Amino acid sequence: MSTEDRVAASADPNDSPENRGGLKKVVAASMAGTVVEWYEFFLFATASTLVFGQLFFVDTGNPLDGILKAFLIYAVGFIARPLGGIVFGHFGDKYGRKHLLQVSILMVGIATFLMGCLPGFDQVGYWAPAMLVVLRFVQGFAVGGEWGGAVLLVAEHSPNKERGFWASWPQAAVPLGNLLATIVLLVLSSVLSEEAFLSWGWRVGFWLSIIIVAIGYYIRTHVTDAAIFKEAQEEFVEEKKAGYGVGEVFRRYPRGVFGAMGLRFAENILYYVVVTFSITYLSTQREVDTSRILLLLLIAHVIHAITVPLVGRFTDRVGRRPMYATGAVLGAVWGFIAFPMFNTDNSFIILTAVTLGLMIHALMYAGQPAIMAEMFPTRMRYSGVSLGYQVTSIVAGSLAPIIATALLRQFGTWVPISVYIAIACAITLVAVVTLRETKGISLQDVDAEDRRRLAEERSARGTGA
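Residues numbered from 1 in each chain as written. Predicted model: local features only at pLDDT ≥ 70, side-chain atom pairs only at ≥ 80, totals over all residues. Heavy atoms only, no water.

(A) How the structure looks around the overall build of the chain. Counting its regular elements, the chain contains 21 helices and zero strands. In terms of overall dimensions, the chain is globule-like: its C-alpha atoms have a radius of gyration of 22 Å, near the 23 Å expected for 465 residues. Across its three principal directions, the C-alpha atoms of the chain cover 70 × 45 × 40 Å. Taken over 465 residues, the chain has a buried fraction of 61%. Taking contacts inside the chain between residues at least 6 apart in sequence as the whole, the part at least 24 apart equals 87%. If you sum the accessible surface of the chain, you get close to 17600 Å²; carbon and sulfur atoms cover 67% of it. For the chain, the separation between the mean place of its 37 positive charges and that of its 36 negative charges on side chains is 3 Å. (Helix = DSSP H or I, 4+ residues; strand = E, 2+ residues; numbered from the N terminus. Rg over C-alpha atoms; globule rule 2.2 N^0.38 Å. Buried < 20%, exposed > 50% of the residue type's maximum accessible area, 1.4 Å probe, protein only. Contact = heavy atoms within 4.5 Å. Areas by Shrake-Rupley, 256 points an atom, 1.4 Å probe, with all protein chains shown as cover. Lys, Arg positive; Asp, Glu negative; His and termini not counted. Charge placed at Lys NZ, Arg CZ, Asp CG, Glu CD.)

Written as structure tokens, this is what we have:
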């Protein structure tokens, strides 16, 4: 690449007053949809412990049996997420991030509303869990396309030196969505009797999703794709050999895909142990009442949402790797500290344990959008990011509550669960060590390097090499 090409590639068109004004609108649009998606996703996770285990399955006399079956349906959403990531990534790289984000928010909204309308096992027998599986699949499929589009819409609009900070805001929307779901469930469980909550009260939270979806969809109609994507789209029209999609990203950037999977592994497991399995542990082993658990989670979600962009800012200053490695190391010891804290039955100590878990999680989670966006060129970034992020959820987040619950049922102690988390963190730490530091890198440079590689391949084919 010539000196002139290097200068052009290194220039940062996003670092201008005009772009910064539009950047805030893009952040708001991405966050609005992500809040909706994760409000609904967390609503299902919480309902799996509090409601679905009792209403949609045969009563065996052991509450953990129903919860395990509900978590299996919960896992269906994670299995669907990579499929959604592949489909949305393919068309998102071809037609744009904005349009696919509008489709995803509508899909997950409709599926969640219909969940609130489902009859229970006593009314329709095994049709009840069957219909829940179908809707959960649709919900997971849509969420699978949501994350990549939302974070890339921001990352591709962000200045190079501040990408970690701005791209972390959609991540902060995840605990905000969880916070909103927790508030709804907390209010419903507090004002209604247990019988009324199990009968119809839980459905209200699912029905309210329609309002949030309408707001999120409207906000997303007022943003546009980034200039770098539009340029890449024009290049693709002119150069048909520059492909996109899952096959292309695996063929050209396998290290990026597997690196993203390694980064995601421990973060995803830690998160679902903290926010989902902790409810199971506290309610079944410590007999903590539902309202108290939800109130503690509500406070922890607020702190988590504040922590994420702060960590995002630090990834721009000290680097992506140091923050991520710190999170992996601290995550390995969290379980050995947290479960004894849960066993105190002291609300403040329990809150401290949950909050510590989410703050450690933020050390890994905040930098993910920037790190993963910097791994792939624009023409296949949606596919690469979505694939690396969502495929891991099958063996990580989807199984974490199931494995933790099964370990608790089998051994009757929290120690194997803590060992499980520590092993996951060790795997992620290896991925971090092998990661190339990309703080401040230009996405234009990433695209320029991709074009150079394509040109060399064409030249080699032309000369018969």
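Back to the write-up after that little detour.
(B) Expanded view of the packing of aromatic side chains. Under the counting rule described, the total for this entry stands at 17 aromatic pairs. Ring plane angle 55 degrees and centroid distance 5.9 Å describe the contact between Phe250 and Phe258, whose orientation is recorded as tilted. Taken together, the ring pairs in this structure connect Phe277, Tyr281, Trp334, Phe339, Phe342 and Trp414 into an aromatic cluster. Over the ring of Tyr253 we find Arg453, and its NZ or CZ is 4.8 Å from the ring centre. (Phe/Tyr/Trp six-rings, centres within 6.5 Å; stacked < 30°, edge-to-face > 60°. Lys NZ or Arg CZ within 6 Å of the ring centre and 35° of its normal.)

(C) Structural detail: the nonpolar core. One finds Phe52, Tyr272, Trp334 and Phe342 to be the most contacted residues of the largest nonpolar core, which totals 138 residues. For this core, the leading source of residues is helix α2 (residues 17-55), giving 18 residues. Filtering out sequence-adjacent residues up to four positions away, Phe52 remains in contact with Phe44, Ala47, Phe57, Ala70, Leu132, Trp202 and Phe206. Ala172, Val311, Met323 and Ala366 belong to the second-largest nonpolar core, a separate cluster that totals seven residues. (Core = buried A, V, L, I, M, F, W, Y, C linked by side-chain atoms within 4.5 Å.)

(D) Structural detail: the packing of helix α13 (residues 254-284) against helix α16 (residues 347-365). Two numbers describe how α13 lies on α16: the axes approach to 9 Å, and their chain directions differ by 160 degrees. Looking at the two axes, α13 sits roughly antiparallel to α16. The two elements α13 and α16 meet at a crossing, and its hand is left-handed. Seen from α13, the contacting residues are Arg264, Ala266, Glu267, Leu270, Tyr271, Val274, Val275 and Leu282; seen from α16, they are Ile350, Val354, Gly357, Leu358, Ile360, His361, Met364 and Tyr365. (Axes fitted to C-alpha atoms, helices over the stretch in contact; angles between N-to-C directions. Parallel < 35°, antiparallel > 145°, perpendicular 65-115°, else oblique. Left-handed = near helix turned anticlockwise from the far one by under 90°.)

(E) View of a nonpolar patch on the surface. A grouping of Leu330, Val333, Phe336, Ile337, Val415, Val419, Ile423 and Ile427 is seen on the molecular surface, where their side chains present a nonpolar patch of about 630 Å² in accessible area. Among the secondary structure elements, those contributing two or more residues to the nonpolar patch are α15 (320-342) and α20 (415-433). Secondary-structure assignment places Val333 in helix α15. (Patch = residues over 30% accessible without salt bridge, like charges linked within 9 Å, V, L, I, M, F, W, Y side chains within 5 Å. Salt bridge = Lys/Arg side-chain N within 4 Å of Asp/Glu carboxyl O.)

(F) Representation of unusual backbone geometry within the structure. For Glu287, which is not a glycine, the phi torsion comes out positive at approximately 55 degrees. Within the secondary structure, Glu287 is located in the loop between α13 and α14 (290-318). Residue Glu287 is classed as exposed on the basis of its relative accessible area of 69%.

(G) Representation of the environment of Cys117 in the model. As for its placement among the helices and strands, Cys117 is situated in the loop between α4 (97-115) and α5 (121-124). In the structure, Cys117 is positioned 337 residues away from Leu454 in sequence and 52 Å away in space, judged by C-alpha atoms. Apart from residues no more than four positions distant in its own chain, Cys117 is found in contact with Arg203 and Trp207.

(H) Summary view of the confidence of the model for the chain. Mean pLDDT over the chain: 85, with 92% of residues reaching 70 or higher. In the predicted structure, residues 1-10 sits below a pLDDT of 50 and forms 10 contacts with residues beyond four places in sequence or in another chain. (pLDDT = per-residue confidence, 0-100.)

(I) View of the pattern of salt bridges. On inspection of all chains with the given rule, the structure shows 13 salt bridges. Across the pair Glu156 and Arg381 runs a salt bridge, and its minimum N-O distance is 2.9 Å. Linking Glu156 in the loop between α6 (127-155) and α7 (163-167) with Arg381 in helix α18 (residues 381-395), this pair joins segments that are 225 residues apart in sequence. By relative accessible area, Glu156 is classed as buried at 2%. Owing to a relative accessible area of 0%, Arg381 belongs among the buried residues under this scheme. Connected via shared salt-bridge partners are Glu248, Arg251, Arg252, Arg379 and Asp450.

(J) Representation of α20 in the model. When the terminal C-alpha atoms of α20 are compared, their 27 Å separation across 19 residues agrees well with the 27 Å that a helix rising 1.5 Å per residue should span. Residues of α20 that are buried sit in contact with α13, α15, α16 and α19 (400-411). (Expected span 1.5 Å × (residues − 1).)

(K) Quick peek at the side chain of Ser418. Here Ser418 shows up in helix α20. Apart from the residues within four sequence positions on either side, Ser418 is in contact with Gly335, Phe336 and Phe339.

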